[in-house]
Number of protein chains: 2
Amino acid sequence: MKSGVTMRDIADKLGISVVTVSKALSDKEGVGEELKRKIKELASEMGYRMNVMAKAMKEGYTYNIGIIVAERFTGVSPSFYQQFHQHIVKSLEEYRYSAILHILSAQDEEQFVMPWIYQEKKVDGFIILGHIHKSYIEMLHQADTPVVFLDFYTDQERMDTVITDNFYAMYEMTNYLINCGHRKIAFVGNLYSTSSIQDRFLGYYKSLLEHNLKLDERYIINDRDERGRFIDIQLPDEMPTAFVCNCDQVAYELMIVLKANGYKIPDDCSVVGFDNDIFSTLCEPKLTTVEVNMPEMARVAAKFMIKKVTNKSSSFGRVLIKGKIIRRESVKKL
Amino acid sequence: MKSGVTMRDIADKLGISVVTVSKALSDKEGVGEELKRKIKELASEMGYRMNVMAKAMKEGYTYNIGIIVAERFTGVSPSFYQQFHQHIVKSLEEYRYSAILHILSAQDEEQFVMPWIYQEKKVDGFIILGHIHKSYIEMLHQADTPVVFLDFYTDQERMDTVITDNFYAMYEMTNYLINCGHRKIAFVGNLYSTSSIQDRFLGYYKSLLEHNLKLDERYIINDRDERGRFIDIQLPDEMPTAFVCNCDQVAYELMIVLKANGYKIPDDCSVVGFDNDIFSTLCEPKLTTVEVNMPEMARVAAKFMIKKVTNKSSSFGRVLIKGKIIRRESVKKL
DNA sequence: CTGAAAGCGCTTACAG
DNA sequence: CTGAAAGCGCTTACAG
């Protein structure tokens, strides 16, 4: 299994030209069936491997996509986005594209430093995973390179983004609770923290509106400070029968507080989460939650990316992917 | 910020040759200071970006390294290896190398299918993350491409690998327990499951030997079946004063069993783990454990990789990186 | 100090 | 059906 084999070598051995070898190997027309067969056979016999870079240079593509994720999401606790990255790799593979991960440092983000893989023309475009600064996005749009966002959006124009339908999922989840007979339902999450939490809250609110239930301010419970750090959860004076938490980890923390105060779950109160991450199965009882459809989101983002690479002017806007309610044991039918 | 700018454009505008531009931009000698300055200035003004692929093709490098991880490690629960991948990206960056993640499917692994990024010559070598089949490794070695292993080793020859010093870390941890006055110390883990568990067990055993403590078979407690699935942990009839667990998750499970049987931690028995992962802080009390030095391991693996790319004949063998004991609240001084 | 020539390994028109 | 020519954007000897 030598490496140095080129089309030249194959051509020479067969006494033909590289043009013919090139055509045969990529199944282009203009080569006799018999000759084509011979070429392919010899190629595999000699352990020929196509040098895609050479092809790429001729065509002007790199067949690489940069995946950008902000450093702050890559801390000690393995995040959500690492899972996403893997799904993107899988999806890009189907187009024979590779993914190159680029971790955007806080410094580069603030000082508007373009990723070096852009500077070196190593990628045909970027998929941005999660939140990054608005002005950095602005700069990205200025540069002539296709960009698709995943799991994040802003009100900026020309933004192609694939996101979970947070709003609809929480709307459905709250409907489910109401169908189970709950009427006093609290929401746990800081409404001013992230866009996701806001959308989830709004879905919860829509469900209340639709069922003529009043939004009670005392039932909006804070879970984190402005900087996103979790704070101790304060239970309301008058207890609701169900808690809608903006994520599984908060639901997990809430359950600890509830138990510490002598409440039984789901007998005294029901709890639901969002994300279907490790915390949802670490709880006792296991948590009813919403699963984000990562494979589908990655697939769509990859598809958009490839289309934008091929046709720079194509645009898709804001695409919502539905989540799925996972029913476990943390909800009681009243 | 246009993209199409090449050295040709810069040269034409200055009425000089591309050769001179090339030399100036890569700081090679043979260009006057004044001209060099001018060239660099114009380059940045025109928004020139080096086409590394062209350079790469000339030199015969791709400046990409493939990171291979078996599909079974990429399941639902975000694994250890995703963290590793990020550290490798960071380390390779310092050599201006990019990482391309390749998830090796079970099928490809069994049928000895080389990664398509190898077939397409997109990478200069591979870093293998975690366990893969011996015969696949054999094939990898047959192919003329540099390979470095990370967090995994076998007895195969010519294997360059960077691993945690499981043996030494568990030896130190057991010493620590003994220094705290413990004499009856159990080990929790299936000795026939993974190489890591074996090494950790052996470190524990060495510490016992050194302190003239007998290895008691009843104190080797199984935690998983042959297929690696966790089983219910059986406490021994006569209780030890401390448990050395092969990983944090098992320590976490053990704590649940201990508490269910009315034992207080660390008052009735101490527990230690390994990995310093999420389970170590989810426990109550928080777990004393061993932290793997991922950044350092990634750094060394990257360094080896680059050296092997530059000089195919270089080899490093089996390199051990020390772990670090993280002391928390799960151990009591007797 | 500066540049014309050749080449990295392919592909795309264009002839024959 | 087959191939000579030109070119993708660089760099590496080698001349001047």
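- The name given to chain A in an unreviewed UniProt entry is LacI family DNA-binding transcriptional regulator, with the source organism recorded as Cohnella cholangitidis.

**Digging into the protein's contact with DNA strand C**
Alright, step 1. Lining the immediate surroundings of DNA strand C are 23 residues, of which A:Ser22, A:Tyr48, B:Lys23, B:Gly30 and B:Lys58 lie closest.
Alright, step 2. Each atom of DNA strand C within 4 Å of the protein was classed as base or backbone; sugar and phosphate made up 62%.
Alright, step 3. One nitrogen or oxygen atom from the main chain of A:Ala54 is found 3.3 Å from a base nitrogen belonging to DNA strand C.
Alright, step 4. Residue B:Ser17 places a main-chain N or O atom 3.3 Å away from a phosphate oxygen belonging to DNA strand C.
Alright, step 5. Put simply, the parts of the chain that give the surface near DNA strand C at least two residues each are α2 (18–25) and α4 (52–59) of chain A together with α2 (18–25) and α4 (52–59) of chain B.
Alright, step 6. The element that contributes the greatest number of residues to the surface near DNA strand C is α4(A), accounting for 4 residues.
Alright, step 7. Looking at the surface near DNA strand C, its residues break down into 11 nonpolar, 7 polar and 5 charged.

**Brief notes about the protein's contact with DNA strand D**
Alright, step 1. Around DNA strand D, the surrounding shell holds 23 residues, and the nearest of these are A:Lys23, A:Gly30, A:Lys58, B:Ser22 and B:Tyr48.
Alright, step 2. Residue A:Gly32 places a main-chain N or O atom 2.8 Å away from a phosphate oxygen belonging to DNA strand D.
Alright, step 3. At 3.3 Å from a base nitrogen of DNA strand D is found a main-chain nitrogen or oxygen belonging to B:Ala54.
Alright, step 4. Contributing elements (two or more residues each) for the surface near DNA strand D: α2 and α4 of chain A together with α2 and α4 of chain B.

**A few points about the UniProt feature "domain: HTH lacI-type" (unreviewed entry) in chain A**
Alright, step 1. Annotation from UniProt places "domain: HTH lacI-type" (unreviewed entry) at residues 5–59 of chain A.
Alright, step 2. Helix makes up 67% of residues 5–59 of chain A and strand 0%. Its end C-alpha atoms lie 21 Å apart.

**A word on the nonpolar core**
Alright, step 1. Counting residues in each nonpolar core, the largest one holds 108 residues, and the members touching the most others are A:Ile67, A:Leu92, A:Leu150, B:Ile67, B:Leu92 and B:Leu150.
Alright, step 2. Setting aside residues no more than four positions away along its own chain, B:Ile67 makes contact with B:His85, B:Ile88, B:Leu92, B:Ala99, B:Ile100, B:Leu101, B:His102, B:Ile127 and B:Leu129.
Alright, step 3. Counting 44 residues, the second largest nonpolar core, distinct from the first, contains A:Tyr219, A:Ile221, A:Cys245 and A:Leu258.

**Description of the sheet that holds strand β6 (residues 185–188) of chain B**
All names here are of chain B.
Alright, step 1. As summarised here, the arrangement of the 4 strands in space is β7-β6-β8-β9, forming an open sheet in which the pairing is parallel. On the outer flanks of this sheet lie β7 (220–221) and β9 (270–272), each paired with one strand and no other.
Alright, step 2. Looking at chain direction, β6 and strand β8 (residues 242–245) are connected through 4 bridges and run parallel. By the bridge assignment, Ile-185 is partnered in β8 with Ala-242.
Alright, step 3. Against the sheet, helix α9 (residues 166–179) touches β6, β8 and β9, its axis set at about 170° to β8.
Alright, step 4. Where helix α10 (residues 195–210) meets the sheet, it contacts β6, β7 and β8, and its direction lies at approximately 170° from that of β6.

**A look at the pairing of strand β1 (residues 64–70) of chain B**
Residue and element names in this part refer to chain B.
Alright, step 1. The buried count for β1 comes to 7 of 7 residues, which makes it a mostly enclosed element.
Alright, step 2. Burial along β1 is two-sided: Asn-64, Gly-66, Ile-68 and Ala-70 facing one way and Ile-65, Ile-67 and Val-69 facing the other are all buried.
Alright, step 3. Of the pairings in the sheet, the one linking β1 to strand β2 (residues 98–104) comprises 7 bridges and is parallel in character. In the sheet register, Asn-64 faces β2, and the bridge partner there is Ser-98.

**Points about the packing of helix α5 (residues 80–93) of chain A against helix α13 (residues 294–310) of chain A**
Residues and elements named next belong to chain A.
Alright, step 1. Running from N to C, α5 and α13 cross one another at 55°; their axes reach a closest spacing of 8 Å. Classified by the angle between their axes, α5 and α13 sit oblique to one another. Read as a crossing pair, α5 and α13 show a hand that is right-handed. The segment α5 lies against α13, with Phe-80, Gln-83, Phe-84, His-87, Ile-88, Ser-91 and Leu-92 engaging Met-294, Pro-295, Met-297, Ala-298, Arg-299, Ala-302 and Ile-306.

Definitions and limits used
Residues numbered from 1 in each chain as written. Chains lettered and ligands numbered in written order. Predicted model: local features only at pLDDT ≥ 70, side-chain atom pairs only at ≥ 80, totals over all residues. Heavy atoms only, no water. Near = heavy atom within 4 Å. Polar contact = N/O pair within 3.5 Å; in protein donor to acceptor, adjacent residues only side chain to side chain. Helix = DSSP H or I, 4+ residues; strand = E, 2+ residues; numbered from the N terminus. Nonpolar A, V, L, I, M, F, W, Y, C, P; charged D, E, K, R; others polar. UniProt positions renumbered as here; feature names shortened; annotations may be inferred. Core = buried A, V, L, I, M, F, W, Y, C linked by side-chain atoms within 4.5 Å. Buried < 20%, exposed > 50% of the residue type's maximum accessible area, 1.4 Å probe, protein only. Contact = heavy atoms within 4.5 Å. Pairing = 2+ DSSP bridges. Axes fitted to C-alpha atoms, helices over the stretch in contact; angles between N-to-C directions. Parallel < 35°, antiparallel > 145°, perpendicular 65-115°, else oblique. Left-handed = near helix turned anticlockwise from the far one by under 90°.

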